[in-house]
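# Structural description and commentary
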Amino acid sequence: MADAGAGAGGTKDTGRRRGRDETEEERADRMWTELIQEVRVAQMGVQILFGFLLTVVFQPKYEQLSDTDQSIYLITVVLGAAATGALIGPVSLHRLVSGRRVKPQAVRWASRLTLLGLVLLLATTTASLLLILRVATHDGFVPWLVAGVVAWYLLCWFVIPLWTRYRHTSD
């Protein structure tokens, strides 16, 4: 049985093992697999939302929307297209650099694209919600409701993960 005080390299440290005993390539392989699983979830959401958005302009009611609502719609479609591109980007990145021995760098870029895609998905979802609620009701509470949902997304997608990272990651 290994010594409880042994670190990843087998030497005594603060009593806790830190990290994994893996090479840079093994770590990149593991991180790539985890990242692709995460991207699959986000891709599904953005593709469904984007597909729905593309149909709106072909509905008879679109012509009846105010100029403001049509502008919100156009901005939402562009945000959805950008989010789709960012969240599909890691797949293309992997395909184009596969076998080139740059997986650690590819994982970093794919991670950045995924984070950007999540921010764009947040913006797309926010704009979609704003448009839908403006069309469904013209009440003054719409901006407050949208702000509450955005706060919820920010809490779930960024605040809790960053708090967990800060709270449970040692230097």
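This text follows the structure it describes.
Model, not experiment: these values are computed from the prediction.

### Quick word on the packing of helix α3 (residues 103-136) against helix α4 (residues 142-168)
Contact geometry of α3 with α4 gives a least axis separation of 10 Å together with a crossing angle of 160°. Of the possible angle classes, the one that applies to α3 and α4 is roughly antiparallel. Once α3 is placed against α4, the crossing between them reads as right-handed. Only V142, L145, V146, V149, V150, Y153, L154, W157 and F158 of α4 make contact with α3, whose side of the interface consists of L115, L118, V119, L121, L122, T125, T126, L129, L130, L133 and R134. The residue inventory of the contact of α3 with α4, partitioned by class, reads 17 nonpolar, two polar and one charged.

### Quick notes on helix α2 (residues 67-97)
Two residues of an α-helix separated by three or four positions point the same way, owing to the 3.6 residues in each turn. When the terminal C-alpha atoms of α2 are compared, their 44 Å separation across 31 residues agrees well with the 45 Å that a helix rising 1.5 Å per residue should span. At G89, α2 is deflected by roughly 35°, the largest bend along its length, and proline P90 occurs up to four residues later in sequence. Just beyond α2, the residue with positive phi is G99, at close to 85°.

### A short note on the nonpolar core
Within the largest apolar cluster, 17 residues are counted, with the highest numbers of intra-cluster contacts made by V46, L53, Y62, Y73 and V77. When residues of this core are traced back to their parent elements, those giving at least two are α1 (24-56), α2 and α3. Sequence-distant contacts of Y73, defined by excluding residues within four places in its chain, comprise L53, L54, V56, V57, Y62 and L131. One finds A28, W32, V107 and A110 within the second-largest nonpolar core, a separate group that totals seven residues.

### Notes on the packing of aromatic side chains
Taken as a whole, this structure holds two aromatic pairs when the rule is applied. Taking NZ or CZ as reference, R112 lies 4.8 Å from the ring centre of W109, over its face.

### Comments concerning the environment of L65
Looking at the element boundaries, L65 is found in the loop between α1 and α2. Of the residues examined, L65 reaches a relative accessible area of 13% and is grouped as buried. Here the alpha-carbon distance between L65 and V135, two residues 70 residues apart in the chain, equals 7.8 Å.

### Describing a nonpolar patch on the surface
On the surface, W152, L154, L155, V159 and I160 cluster together into a nonpolar patch covering about 440 Å² of accessible area. Looking at the element boundaries, L155 is found in helix α4.

### Notes on the side chain of Q70
Within the secondary structure, Q70 sits in helix α2. Sequence-distant contacts of Q70, defined by excluding residues within four places in its chain, comprise Y62, E63 and L65.

### Looking at the packing of α2 against α3
Two elements in contact, α2 and α3, have axes separated by 8 Å at closest approach and are oriented at 160°. The angle between the axes of α2 and α3 places the two elements in the roughly antiparallel class. As α2 runs across α3, the sense of the crossing is left-handed. Of the residues assigned to the contact of α2 with α3, the class counts are 23 nonpolar, nine polar and three charged.

Cut-offs and rules
- Residues numbered from 1 in each chain as written.
- Predicted model: local features only at pLDDT ≥ 70, side-chain atom pairs only at ≥ 80, totals over all residues.
- Heavy atoms only, no water.
- Axes fitted to C-alpha atoms, helices over the stretch in contact; angles between N-to-C directions.
- Helix = DSSP H or I, 4+ residues; strand = E, 2+ residues; numbered from the N terminus.
- Parallel < 35°, antiparallel > 145°, perpendicular 65-115°, else oblique.
- Left-handed = near helix turned anticlockwise from the far one by under 90°.
- Contact = heavy atoms within 4.5 Å.
- Nonpolar A, V, L, I, M, F, W, Y, C, P; charged D, E, K, R; others polar.
- Expected span 1.5 Å × (residues − 1).
- Bend = angle between axes of the 7 residues up to and from the residue.
- Core = buried A, V, L, I, M, F, W, Y, C linked by side-chain atoms within 4.5 Å.
- Buried < 20%, exposed > 50% of the residue type's maximum accessible area, 1.4 Å probe, protein only.
- Phe/Tyr/Trp six-rings, centres within 6.5 Å; stacked < 30°, edge-to-face > 60°.
- Lys NZ or Arg CZ within 6 Å of the ring centre and 35° of its normal.
- Patch = residues over 30% accessible without salt bridge, like charges linked within 9 Å, V, L, I, M, F, W, Y side chains within 5 Å.
- Areas by Shrake-Rupley, 256 points an atom, 1.4 Å probe, with all protein chains shown as cover.
- Salt bridge = Lys/Arg side-chain N within 4 Å of Asp/Glu carboxyl O.

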